[in-house]
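Below are the chains, spelled out letter by letter.
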Amino acid sequence: MRALRLTAALLLLLGLPGQAQETPAAAAEPAALPERFRTWLEEVSVLITEEERKAFLALAKDYQRQAFIDRFWRERDPYPDTGRNELRDHWEERVTIARTRFRNLGDLRSKVLLLNGPPTLWKPFNCRATIFAVELWVYQEGSDRYRQPFLLMFLKRGKTYSLWHPVEGFDSLVDFDKSAACNPQESRLFNSAVAWMRERADFTYLSIFDAVLEAPRPASREWVATFNTYTTDLPPAAETFPARLGLEFPGYYQNRTVVQAALAVPASVVAVGELGGHRSYNLLVTGEVLSGPDLFDSFRYKFDFPAGQVAGAELPLFFQRYLRPDSQYTLLVKVEDLNSGRFARIEQPLAVPRVASQEIPPPADPQVAEALAEANRALASGETTVQLVPPIGALLTGLVRFDTLVTGDGVAAVSFWLNDEPVFTKTKPPYSVELDLGSFPRVHTVRAKALGTLGEELASDELLVNIAGNRFRVRLVEPQRGRVYKKSVRARAEVEVPKGEAVERVELYLNDQLVSTLYQPPYVQPMILPEGEPLTYVRAVAYRPDGGFAEDLVLVNAPDYAEEVDIQLVELYTSVLDRRGRPVAGLGAADFRVTEDGKPQDVRRFEQVSDLPFHALILLDVSASMAPRLEPAKAAALGFFRQAVDRQDRAGIIVFNDRPYLAAPFTNELAAFGSGLAGLKAERGTALYDSLIYSLFYFSGIGGQRALILLSDGKDEASRFTFDQALEYVRRAGVTLFTVSVGVEKKEAEAKKGLARLAEETGGRSFFLASTEDLPATYAAIEQELRSQYLLAYQSKNLARTRGFRVVEVEVDRPGVEVKTLRGYYP
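Conventions and cut-offs
Residues numbered from 1 in each chain as written. Predicted model: local features only at pLDDT ≥ 70, side-chain atom pairs only at ≥ 80, totals over all residues. Heavy atoms only, no water. Helix = DSSP H or I, 4+ residues; strand = E, 2+ residues; numbered from the N terminus. Buried < 20%, exposed > 50% of the residue type's maximum accessible area, 1.4 Å probe, protein only. Contact = heavy atoms within 4.5 Å. Pairing = 2+ DSSP bridges. Axes fitted to C-alpha atoms, helices over the stretch in contact; angles between N-to-C directions. Core = buried A, V, L, I, M, F, W, Y, C linked by side-chain atoms within 4.5 Å. Salt bridge = Lys/Arg side-chain N within 4 Å of Asp/Glu carboxyl O.

Colleague: Please explain the side chain of Thr-739 as it appears in this structure.
Modeller: Looking at where Thr-739 falls in the secondary structure, it is placed in strand β35 (residues 736-742). Here Thr-739 falls in the buried class, since its relative accessible area comes to 1%. Here Thr-739 is in contact with Leu-710, Leu-755, Ala-759, Arg-765, Ser-766 and Phe-767, once residues within four sequence places are set aside.

Colleague: Explain the sheet that holds strand β1 (residues 121-125) to me, please; I cannot follow it from the model alone.
Modeller: In a beta sheet, neighbouring strands are held together by backbone hydrogen bonds and run either parallel or antiparallel to one another. Reading across from one edge, β1-β2-β3-β4 is the order of the four strands in this open sheet, with antiparallel pairing throughout. Here the strands that pair on one side only, and so sit at the sheet edges, are β1 and β4 (160-163). Each neighbouring strand pair of the sheet contributes to a mean axis angle of 25 degrees, computed without reference to strand direction. Relative to strand β3 (residues 150-157), strand β2 (residues 133-139) runs antiparallel, the two sharing seven bridges. What sits directly across from Leu-136, in β3, is Met-153. Helix α6 (residues 108-116) contacts β1, β2, β3 and β4 of the sheet and is inclined by roughly 5 degrees relative to β2.

Colleague: Help me out: how do you make sense of the nonpolar core in this one?
Modeller: Across soluble globular proteins, nonpolar side chains show a tendency to be buried alongside one another. The biggest cluster of nonpolar side chains holds 54 residues, and the ones touching the most others in it are Leu-263, Val-285, Leu-317 and Val-335. When neighbours within four sequence positions are excluded, Val-335 is seen to be in contact with Phe-241, Leu-263, Val-265, Leu-283, Leu-284, Val-285, Arg-342, Phe-343 and Ala-344.

Colleague: Would you mind going over the pattern of salt bridges with me for this structure?
Modeller: Close approach of charged atoms allows side chains of opposite charge to pair. Applying the stated criterion across every chain yields a total of 50 salt bridges. Salt-bridge contacts for Arg-823 lead to Glu-761; the nearest nitrogen and oxygen are separated by 3.7 Å. Linking Arg-823 in the loop between β39 (818-820) and β40 (824-825) with Glu-761 in helix α16 (residues 749-762), this pair joins segments that are 62 residues apart in sequence. Classification of Arg-823 by relative accessible area gives partly exposed; the value is 37%. Within the structure, one salt-bridge network assembled from shared partners comprises Asp-461, Arg-475, Glu-478, Arg-490, Arg-492 and Glu-494.

Colleague: For this particular structure, what's the right way to read unusual backbone geometry?
Modeller: Apart from glycine, the bulk of residues carry a negative phi angle, and the bulk of peptide bonds sit in the trans form. The omega torsion across Pro-429 and Pro-430 is 0 degrees, close enough to zero to call that bond cis. Mapped onto the secondary structure, Pro-430 falls in the loop between β16 (421-426) and β17 (432-436). In this model, Glu-478 is joined to Pro-479 through a cis peptide bond whose omega is -5 degrees. Here Pro-479 shows up in the loop between β20 (473-478) and β21 (488-496). The backbone of Ala-237 shows a phi angle near 60 degrees, a positive value even though the residue is not glycine. In this fold, Ala-237 is placed in the loop between α9 (223-229) and β5 (244-253). Ala-237 sits in the exposed class, given a relative accessible area of 81%. Although it is not a glycine, Asn-466 adopts a positive phi angle of roughly 65 degrees. Turning to its location among the elements, Asn-466 is positioned in the loop between β19 (457-465) and β20.

None of the figures reported here should be taken as evidence of function without further support.
Set out below in structure tokens:
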């Protein structure tokens with residue numbers, strides 16, 4: 001039945017004979033739409049979603065349409081860290097090829113060409129043995145959408161082309177009575193192509209179709225909704241209120257002039273909202289900066305003022321943008337009172353000067369300038385920065401050189417710190433140092449501090465070593481720890497997100513009061529310090545669209561005896577299994593007892609998690625010994641993804657033989673995951689321990705529920721690291737490990753013992769299967785366990801600053817059950 005459903009789905013996808021192919025109704029385009037935008041819609045018809053199309057057609061102004069197009073491509077940039085958008089460049093080249101070769105961009109061949117690029121071999125067949133006109137496309141090196149070599153065969157049925165798949169049968173393709181009429185050379189090529197496709201008439205070829213026909217999706221599914229809310233246009237018949245805008249140019253940042261805006265809104269014209277007894281003013285500021293006819297910058301800030309703490313007749317709204325000096329702009333600002341639904345709108349020309357420390361323009365509002373003078377002092381004298389350059393390579397050990405980039409005047413030395421301990425101070429450039437990271441790959445914190453002539457800290461930077469690019473983190477660069485501020489501070493946060501992820505917003509707090517919410521970088525906010533409060537703190541909280549968050553806090557003007565304490569909860573994802581290995585549900589917090597190094601701990605958080613998002617990584621052995629089991633192992637992994645991975649979950653693949661490599665990064669897209677399984681070949685030796693450490697390294701920076709599923713026979717032949725070092729890394733990673741082996745012989749008891757111990761240390765399980773037929777049930781059991789765990793969190797009562805391993809034990813007051821969780825952790 002499953003095979004029939006897959007076949008039916010494939011036929012629907014390709015529009016093959018016997019199936020009705022549904023064509024979505026096209027939205028009517030307004031007659032007033034300029035030709036260049038109509039042309040763009042035609043060229044991206046394969047890429048654009050219906051939501052994006054409707055949003056584009058609803059735009060009224062050309063600068064908004066052009067900004068939409070730029071954002072559309074940016075959301076699909078495969079390498080956003082580079083200076084060019086590879087997809088956009090390739091797409092425009094391929095549009096030209098498709099128009100020249102096929103004339104019609106709606107042709108299926110045009111779609112495949114646009115998504116995958118031109119094939120290596122492009123061969124039409126004129127042989128009378130084929131029932132339809134046939135074009136064979138050969139991608140010898142794979143394509144953008146599918147990384148392995150593959151073939152495609154297009155059939156012309158009537159006036160349109162469709163893709164042929166072996167499930168249609170060969171009688172639909174070839175008239176065998178006329179086969180002798182073929183050119184021998186063409187016949188050999190045609191038969192070779194058919195034979196290649198017949199061998200892959202299973203899920204492998206289905207995954208090829210999935211990949212080559214699936215358009216790259218935008219990085220953020222919510223970007224259209226966000227774009228629509230950034231307009232400064234007022235709704236029809238909107239009620240308005242007055243507001244005043246003042247502009248300052250307090251300094252510069254890198255090669256841009258800092259434009260500081262001070263919006264003043266009379267408190268008497270806006271409403272007070274009340275929620276849970278808390279009364280506040282709530283204002284949303286949306287802005288656009290036009291450079292000629294084009295949108296140069298857009299921004300959004302949300303400001304909240306407690307009604308009882310507003311001093312004065314006006315609500316002050318401060319924000320900063322970085323704009324090009326010696327440039328003319330138009331500034332549009334919309335202020336929305338979220339409690340009354342009324343608006344203010346300001347539009348004015350903006351001439352941005354070139355600012356140097358000796359020629360700062362006089363302030364337009366002296367009172368505001370005086371209040372924020374201290375916050376802007378660093379800008380007025382030129383920005384002093386120090387930036388650590390990440391060294392090349394992963395899993396760094398031994399002596400490693402760290403370089404810095406230093407800007408600004410007054411830097412007399414750079415001090416280097418390793419794991420909160422001072423190591424070396426360099427008094428002249430180049431400001432670099434070699435640090436000993438030890439013989440084992442651990443996570444290290446490297447910090448560089450730029451010092452002035454009196455030894456005062458001017459700027460600092462921090463770098464985490466041996467951590468993958470999956471970290472979500474926010475760090476307050478300003479205010480600086482240990483510096484004294486009297487009247488104002490400039491809060492500046494930097495956010496790190498995993499590749500392909502996005503930041504939804506950053507909230508900046510002064511003490512417990514939310515000052516502003518920023519929806520785009522730079523995450524900068526000037527703040528007035530409260531009078532009479534010597535101890536103050538600034539807090540930044542960054543949020544992802546899925547609700548995940550990270551935060552940082554800096555004490556301002558803290559006394560010497562004050563100490564920032566990192567209160568970190570130890571999280572234990574715990575499985576409770578009955579005698580048959582099935583999860584036990586219905587337990588309460590009182591049923592659990594937690595000890596650390598033998599000392600009882602108080603559970604601060606307890607819940608049974610059934611729908612918590614998880615990150616799962618499949619570590620697949622593709623060494624020569626796995627050859628007879630590789631295909632069913634791939635099918636079972638694909639089945640696990642289809643069954644277990646939901647919208648908020650992520651899964652990836654690392655394959656290994658004598659070295660590991662990332663086949664599919666964390667994703668929730670079936671085509672991306674399936675392409676990582678395609679074209680694998682079992683060969684060479686086995687570096688199990690190296691690959692295990694590499695896989696756990698890939699998890700670094702990811703929080704929450706994490707699982708590594710290792711499918712291997714457990715033998716290691718080529719690793720640089722030993723079993724004991726792998727065990728140590730497993731303990732430090734905090735990732736639940738499930739080990740799965742098929743057909744391991746009794747004489748390989750040592751390998752089985754090692755796999756079992758690795759799993760037990762993490763609270764996972766080990767499975768030793770007699771046949772690959774048991775793989776689907778094993779993956780189902782792993783999924784059930786991930787969806788049926790208990791989350792216990794406690795704050796350790798161990799106040800010692802030792803970095804040694806802390807043993808954790810969890811017991812349940814229930815007879816006949818087995819409890820599985822982390823054996824311990826390193827603080």
